[in-house]
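Here is what each chain is made of, one letter per residue.
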Number of protein chains: 2
Amino acid sequence: MINTQDTMMTVVDPLPARLGQVEALLAGRVDANRSPLEAGLARLIAAGGKRLRPRLALLSGSLFGAEPGPLLYLAAAVEMLHTASLVHDDLVDGAGLRRGVETLNARWSAAASVLVGDFAFTQAAQLALATRCLPAIDLFTESMRRMVDGELTQLARPHGISSRAEYFDWIRAKTAALFELAVGAPALLAESGGEITAAARDFGAALGMAFQVMDDVLDFTGETSSLGKPAGQDLCQGVLTLPALIHFEAHPADSGLRALVEREPLPAAELERLVAAIRRGEAVAGAVEEARGFVSRGLEALSRLPEGPERLALAELAGSIIDRDN
Amino acid sequence: MINTQDTMMTVVDPLPARLGQVEALLAGRVDANRSPLEAGLARLIAAGGKRLRPRLALLSGSLFGAEPGPLLYLAAAVEMLHTASLVHDDLVDGAGLRRGVETLNARWSAAASVLVGDFAFTQAAQLALATRCLPAIDLFTESMRRMVDGELTQLARPHGISSRAEYFDWIRAKTAALFELAVGAPALLAESGGEITAAARDFGAALGMAFQVMDDVLDFTGETSSLGKPAGQDLCQGVLTLPALIHFEAHPADSGLRALVEREPLPAAELERLVAAIRRGEAVAGAVEEARGFVSRGLEALSRLPEGPERLALAELAGSIIDRDN
């Protein structure tokens, strides 16, 4: 006789329950009652976003058969590392809004943002250590190194980003490295072997590239209400992303974009003109095409992974990246 | 027949050669040719200071019989973690001189200091990981957590440091945690057992307390040429350290010190008066007495460790902390 209770249990999607456990691990690392600074970090973590990276880690770990305990720690470590990098990046960029709430450095001093970011990095490292899996901890630390390295390269370059190649190098470090970690480290937890781990990392990296390109597309096409930050913000801060670069390829004589590459300040009216021109031109479609290309490469890597419901869920998630509106 | 060549080898102090290998590991993590930012970090590492923390790690590891390879990585990790914390602390404190050279944030933006510090933290983590010893990596990460936590507590407190207890809590986190790591982690590398590891950590922590107290004494008594930074700097930045707190205990009605506790700005002439008063009063001797007490506690912990030439060297090093002039 079939035990219907058990059958029910296996049919129910375990992801929401596991994400809840990840949320609890994250919340448990930050004591909002201890100081206004930790309360600020707790708010940023609770504001949360889509939890895409822990979702990826949980699906990947489930696909490869990673042990649930270490997998939860890893998923939380990836999200905490992401949060830590947001805090320091907002300070580096001087951004004022994040996830619809004021950034820490808009409310507090640079000193507070530095320390709160360091605090979050340390919590992330302790969560990663809790997996007790040295290869996964290696990949965690390597991802952090690549993220920091990418920002340093960006800061040290004498001019702004001026080509697709520079842009792709940048987003590979700042975004794809973390997605690669989210999908690849669970394969290491499960001791999945070199080829499977490489395919998992490739899928994660491609997904990250597609995600960041779409993020930069939405920075031009989205509305403040759904983005949680003003539209055209990157360009207004002098950062050229893919839509702007494609527009620049089509209009190489545009003095405004040339000035931004040279890191010269532009008047607000000129910035508004550029944002409007990029919004209504062909550049947005060209950027979406690049994102589709990354999704295709990701799905190719995914096809090298074992079959299963989690693989289908990962494929669906990859497809949804193109259609997202925030 | 005794092989004199071999005898010579064992008599020669191996510490300088091993410190040279640590220097090489540190230098190998930073490529000064890659960007002005990395060049700045390379200069800070090369300026070096006394390399007290790696010395402690090497002596401790040699005493416990830790394997040379992991021990070198650990010693380098501790020094790199120290350097990383200097970069961020200088940003938090707004300090202009460090080791006699301009601090990174005096020359560059806050953004550069944040990222260079993150870069150094990441390099430190990778060096710690290279030991492949999870308990040592745990202690490394816990030390980092304590250091950041101490700075956060300091920043979040509504008033300045106003008592010996607050001061000791602060320096336990910002300095003693790293000394505890330097002496304690090598015991973990050598799997020395709980009691030995605890005694090693106690010795390191006590040494760190004594070192920081003497550092704060020298901030009042030293000259700019030997300190590498202006005398009385902490007080002028509104930070009360032990000599100032002891002076305050003796002069509770001093309106200047009261204002500093309340974090109110003071005119330069008033700060000069306070520095001069503390320099010529009894507070400096009282602070040195506290440092001696920590050295005594350290030597008591040291007596619980195995005998050997390294233990003698550690005892000598502990004694030298009181007599140092920079």
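Because the structure is a prediction, the values reported are computed rather than measured.

Reading the values: the criteria
Residues numbered from 1 in each chain as written. Chains lettered and ligands numbered in written order. Predicted model: local features only at pLDDT ≥ 70, side-chain atom pairs only at ≥ 80, totals over all residues. Heavy atoms only, no water. Helix = DSSP H or I, 4+ residues; strand = E, 2+ residues; numbered from the N terminus. Buried < 20%, exposed > 50% of the residue type's maximum accessible area, 1.4 Å probe, protein only. Contact = heavy atoms within 4.5 Å. Salt bridge = Lys/Arg side-chain N within 4 Å of Asp/Glu carboxyl O. Least-squares fit on C-alpha atoms with pLDDT ≥ 70 in both. Buried area = accessible area lost by both parts, 1.4 Å probe. Polar contact = N/O pair within 3.5 Å; in protein donor to acceptor, adjacent residues only side chain to side chain. Nonpolar A, V, L, I, M, F, W, Y, C, P; charged D, E, K, R; others polar. Phe/Tyr/Trp six-rings, centres within 6.5 Å; stacked < 30°, edge-to-face > 60°. Core = buried A, V, L, I, M, F, W, Y, C linked by side-chain atoms within 4.5 Å. Axes fitted to C-alpha atoms, helices over the stretch in contact; angles between N-to-C directions. Parallel < 35°, antiparallel > 145°, perpendicular 65-115°, else oblique. Left-handed = near helix turned anticlockwise from the far one by under 90°. Expected span 1.5 Å × (residues − 1). pLDDT = per-residue confidence, 0-100.

A separate point is the overall build of chain A. In terms of helices and strands, chain A carries 17 helices and 2 strands. Buried positions account for 55% of the 326 residues belonging to chain A. Long-range pairs, those at least 24 residues apart, make up 73% of the contacts in chain A with a sequence separation of at least 6.

Summed over all chains, the structure comprises 32 salt bridges over all chains. A salt bridge links Arg51 of chain A to Glu23 of chain A, with the shortest nitrogen-to-oxygen separation between them at 2.6 Å. Highlighted residues: Arg51 of chain A in the loop between α3 (36-47) and α4 (52-64) and Glu23 of chain A in helix α2 (residues 15-28), separated in sequence by 28 residues. Look at Arg51 of chain A and you get buried, because its relative accessible area is 6%. For Arg304 of chain B, the salt bridge is made with Asp202 of chain B, and the minimal N-O distance between the two is 3.4 Å. Residue Arg304 of chain B is found in the loop between α16 (283-302) and α17 (309-323), and its partner Asp202 of chain B is found in helix α10 (residues 194-221); the two are separated by 102 residues along the sequence. On the basis of relative accessibility, which here comes to 39%, the residue Arg304 of chain B falls in the partly exposed class. Judged by relative accessible area, Asp202 of chain B falls into the partly exposed class, the value being 40%. Salt bridges sharing partners connect three or more residues here, namely Glu23, Arg51 and Glu79 of chain A.

A few words on the relation of the copies chain B and chain A. For the match of chain B to chain A, the screw axis carries a shift of 0.0 Å, the RMSD comes to 0.0 Å, and the turn is 180°. In the structure described here, the two chain copies are related by an operation that fits a two-fold rotation axis. Taking C-alpha positions as reference, the residue of chain B nearest the rotation axis is Val114 of chain B, located at 3.3 Å. Taken as a fraction of all interface residues of chain B, those also at the interface in chain A reach 100%, which identifies the copy contact as same-surface.

Moving on, we come to the interface of chain B and chain A. If you look at the interface, chain B gives 34 residues, while chain A gives 34 residues. Both sides together, the interface formed by chain B and chain A hides about 3300 Å², and carbon and sulfur atoms give 73% of it. For chain B, the biggest contributors to the area lost against chain A are Leu115, Leu134 and Leu152 of chain B; these three give 18% of the whole. Joining chain B to chain A, the criterion identifies 4 salt bridges. Measuring nitrogen to oxygen at the nearest pair gives 2.9 Å for the salt bridge that ties Asp149 of chain A to Arg34 of chain B. Between chain B and chain A we count 8 residue pairs in polar contact (both at pLDDT 80 or more) in total. When the residues that make up the side of chain B that touches chain A are grouped by side-chain class, the tally is 19 nonpolar, 7 polar and 8 charged.

The next point concerns the side chain of His88 of chain A. Relative to the helices and strands, His88 of chain A is located in helix α5 (residues 68-93). Look at His88 of chain A and you get buried, because its relative accessible area is 1%. At a separation of 2.7 Å, a polar atom in the side chain of His88 of chain A contacts the side chain of Asp118 of chain B. Leave out the neighbours within four places in its chain, and His88 of chain A touches Ser113, Val114, Gly117, Asp118 and Phe121 of chain A together with His88, Val114 and Asp118 of chain B.

Attention now moves to the packing of aromatic side chains. How two aromatic rings sit relative to each other is given by the distance of their centres and the angle of their planes. Residue and element names in this part refer to chain A. Tallying each qualifying case throughout the model produces 6 aromatic pairs over all chains. Taking 5.2 Å as the distance between ring centres and 35° as the angle between the ring planes, the aromatic pair formed by Phe179 and Phe211 counts as tilted. Here Phe211 lies in helix α10 (residues 194-221) and Phe179 lies in helix α9 (residues 164-189), a separation of 32 residues in the sequence. Exposure remark for Phe211: the relative accessible area of 7% places this residue in the buried category. Members of the aromatic cluster, each reached through a chain of ring pairs, are Tyr167, Phe168 and Phe294.

Residue and element names in this part refer to chain B. Relative to the elements of secondary structure, Ala185 occurs in helix α9 (residues 164-189). With relative accessibility at 0%, the residue Ala185 sits in the buried group. The spatial distance from the C-alpha of Ala185 to the C-alpha of Ala57 is 7.8 Å, given a sequence separation of 128 residues. Contacts of Ala185, omitting those with residues within four sequence positions, involve Leu74, Ala136, Leu139 and Glu180.

Ranked by size, the top nonpolar core spans 104 residues in total, and within it Leu81, Tyr167, Val213 and Leu235 of chain A carry the most contacts. For this core, the element with the highest residue contribution is α9 of chain A, accounting for 14 residues. When sequence neighbours within four positions are dropped, the list of residues in contact with Leu235 of chain A reads Asp219, Phe220, Leu240, Ala244, Leu257, Leu260, Leu271, Leu274, Val275 and Ile278 of chain A. Counting 103 residues, the second-largest nonpolar core is a separate cluster that includes Leu63, Ala75, Val78 and Ala124 of chain B.

Helix packing for two helices is described by the angle between their axes and how far apart those axes are. Residues and elements named next belong to chain B. Where helix α4 (residues 52-64) contacts α10, the axes come no closer than 12 Å and their chain directions differ by 160°. Relative to α10, the element α4 lies roughly antiparallel. Considering only the axes of α4 and α10, their crossing is right-handed. Residues Leu52, Arg53, Leu56 and Phe64 of α4 form the contact with α10, whose participating residues are Ile196, Ala200, Leu207 and Phe211. Here the contact of α4 with α10 is composed, by residue class, of 7 nonpolar, no polar and 1 charged.

As a further point, take the packing of helix α7 (residues 110-129) of chain A against helix α5 (residues 68-93) of chain B. Their axes nearest at 8 Å, the elements α7 of chain A and α5 of chain B cross at an angle of 150°. Relative to α5 of chain B, α7 of chain A is oriented roughly antiparallel. Judged by the twist between their axes, the crossing of α7 of chain A over α5 of chain B is left-handed. Of the residues in α5 of chain B, those touching α7 of chain A at Ala111, Val114, Leu115 and Asp118 of chain A are His88, Leu91 and Val92 of chain B. Looking at the contact of α7 of chain A with α5 of chain B residue by residue, the class counts come to 5 nonpolar, 1 polar and 1 charged.

Further remarks concern α4 of chain A. Every α-helix carries 3.6 residues per turn, so stepping three or four residues along brings you back to the same face. All names here are of chain A. Spanning 13 residues, α4 covers 18 Å between terminal C-alpha atoms, matching the ideal 18 Å at 1.5 Å per step. With 11 of its 13 residues buried, α4 lies for the most part within the structure. The elements touched by buried residues of α4 are α2, α5, α9, α10 and α17 (309-323). Looking one or two residues beyond α4, the residue adopting positive phi is Gly65, at roughly 80°.

Here we come to the environment of Leu178 of chain A. Residues and elements named next belong to chain A. Relative to the helices and strands, Leu178 is located in helix α9. Given the relative accessible area of 2%, Leu178 is considered buried. Here the alpha-carbon distance between Leu178 and Arg43, two residues 135 residues apart in the chain, equals 22 Å. Once residues within four sequence positions are removed from consideration, Leu178 is found in contact with Arg53, Val78, Leu81, His82 and Met147.

Turning our eyes to something else, we now look at the confidence of the model for chain A. Summary statistics for chain A give a mean pLDDT of 89 and a share of 89% for residues scoring 70 or more. Across the assembled chains, the prediction reports ipTM 0.90 with pTM 0.91.

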